[in-house]
Amino acid sequence: YAGAAGARLSDLVDHLRYHTSLTAAESELAICVANRAANADFIWNAHTKLGLAAGTREQALHAVDTYGPLDDLTDDEALIIQFGRELLEAPAVSDETFEAVRARYGEKGLMELTAVMSVYMMNANILRVMEHKAAPDARHLTPRPQGQTI
């Protein structure tokens, strides 16, 4: 839709998905967190499948989809989800979460998580403007409860 800008965005998405220090499962989980925050069924449908194929656990996807508790997840899953919830849906990332992500993934990984989640928020907004919808038989997000906060 956007010519040269679209091509550059595609290159950025490719880099952030395939050429970072994050594992494929971590990247896909981060992408799914962004899609949940953006309420983007079309992207959610594709990336839950890609995530499962890459090793993202169904339990983590369920927690993302339903804003469920993080207690039964691995430490890394819980950290990625908590970071994404704070980054994309709260007024700020807490110092505790920021430091935990930096301690686990380093400065580079912290920026990569931020970037991959952010670029998928942008993708979701572009698709929303274009009124791009998921197919009726797609894996849809669970509707958010009214007044849902993280």
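As a reminder, the structure under discussion sits directly above these lines.
Let me begin by describing the structure that accompanies this report. Source: prediction; values computed, not measured.

## Considering unusual backbone geometry
Now for step 1: The phi angle at N39 is positive, at roughly 60 degrees, despite the residue not being glycine.
Now for step 2: With respect to the helices, strands and loops of the structure, N39 is situated in the loop between α2 (24-38) and α3 (41-54).
Now for step 3: The residue Y67 is not glycine, and still its phi comes out positive at about 55 degrees.
Now for step 4: Judged by relative accessible area, Y67 falls into the buried class, the value being 12%.

## Section: the pattern of salt bridges
Now for step 1: Tallied over the full model, the rule gives nine salt bridges.
Now for step 2: Residue D76 is joined to R104 by a salt bridge in which the shortest nitrogen-to-oxygen separation is 2.8 Å. Of this pair, D76 sits in helix α5 (residues 75-89) while R104 sits in helix α6 (residues 95-129), placing them 28 residues apart in sequence.
Now for step 3: With its nearest N and O atoms 3.8 Å apart, the salt bridge here joins E112 to K108. Here K108 and E112 lie together in helix α6, a separation of four residues that amounts to about one turn.
Now for step 4: Looking at E112, the relative accessible area reads 9%, which means it is buried.
Now for step 5: Each of the salt bridges in this network shares a partner with another, and the network as a whole consists of E26, D76 and R104.

## Focus on empty space enclosed by the protein
Now for step 1: Taken as a whole and assessed by the stated rule, the structure comprises one cavity of 30 Å³ or more.
Now for step 2: Approximately 40 Å³ is the volume found for the largest cavity.
Now for step 3: Forming the walls of the largest cavity are V33, R36, A37, V64, Y67, I81, G84, R85 and E89.
Now for step 4: When residues of the lining of the largest cavity are traced back to their parent elements, those giving at least two are α2 and α5.
Now for step 5: The dominant element in the lining of the largest cavity, judged by the number of residues it contributes, is α5, at four residues.
Now for step 6: Split by residue class, the lining of the largest cavity holds five nonpolar, one polar and three charged.

## Focus: the packing of α2 against helix α4 (residues 58-66)
Now for step 1: Across the interface, α2 lies against α4 with an axial gap of 9 Å and an inter-helix angle of 20 degrees. Classified by the angle their axes make, α2 and α4 are roughly parallel. Once α2 is placed against α4, the crossing between them reads as right-handed. Counting all contacts with α2, which are made through L29, C32, V33 and R36, the residues of α4 involved are A60, L61, V64 and D65.
Now for step 2: For the contact of α2 with α4, the per-class residue count stands at six nonpolar, no polar and two charged.

## Considering the nonpolar core
Now for step 1: I81, L113, M117 and Y120 are the most contacted members of the largest nonpolar core, which has 38 residues in total.
Now for step 2: At the level of secondary structure, the elements contributing two or more residues to this core comprise α1 (4-18), α2, α3, α4, α5 and α6.
Now for step 3: The leading source of residues in this core is α6, at 11 residues.
Now for step 4: With sequence-adjacent residues up to four places away left out, I81 is seen in contact with L29, V33, A60, V64, L70 and L73.

Each value, and the rule that gives it
Residues numbered from 1 in each chain as written. Predicted model: local features only at pLDDT ≥ 70, side-chain atom pairs only at ≥ 80, totals over all residues. Heavy atoms only, no water. Helix = DSSP H or I, 4+ residues; strand = E, 2+ residues; numbered from the N terminus. Buried < 20%, exposed > 50% of the residue type's maximum accessible area, 1.4 Å probe, protein only. Salt bridge = Lys/Arg side-chain N within 4 Å of Asp/Glu carboxyl O. 1 Å grid on protein atoms, 1.4 Å probe; cavity = no way out; pocket = protein on both sides within 12 Å on 5 of 7 lines; lining within 4 Å. Points joined across faces, edges and corners; volume = space filled by probe spheres on them. Nonpolar A, V, L, I, M, F, W, Y, C, P; charged D, E, K, R; others polar. Axes fitted to C-alpha atoms, helices over the stretch in contact; angles between N-to-C directions. Parallel < 35°, antiparallel > 145°, perpendicular 65-115°, else oblique. Left-handed = near helix turned anticlockwise from the far one by under 90°. Contact = heavy atoms within 4.5 Å. Core = buried A, V, L, I, M, F, W, Y, C linked by side-chain atoms within 4.5 Å.

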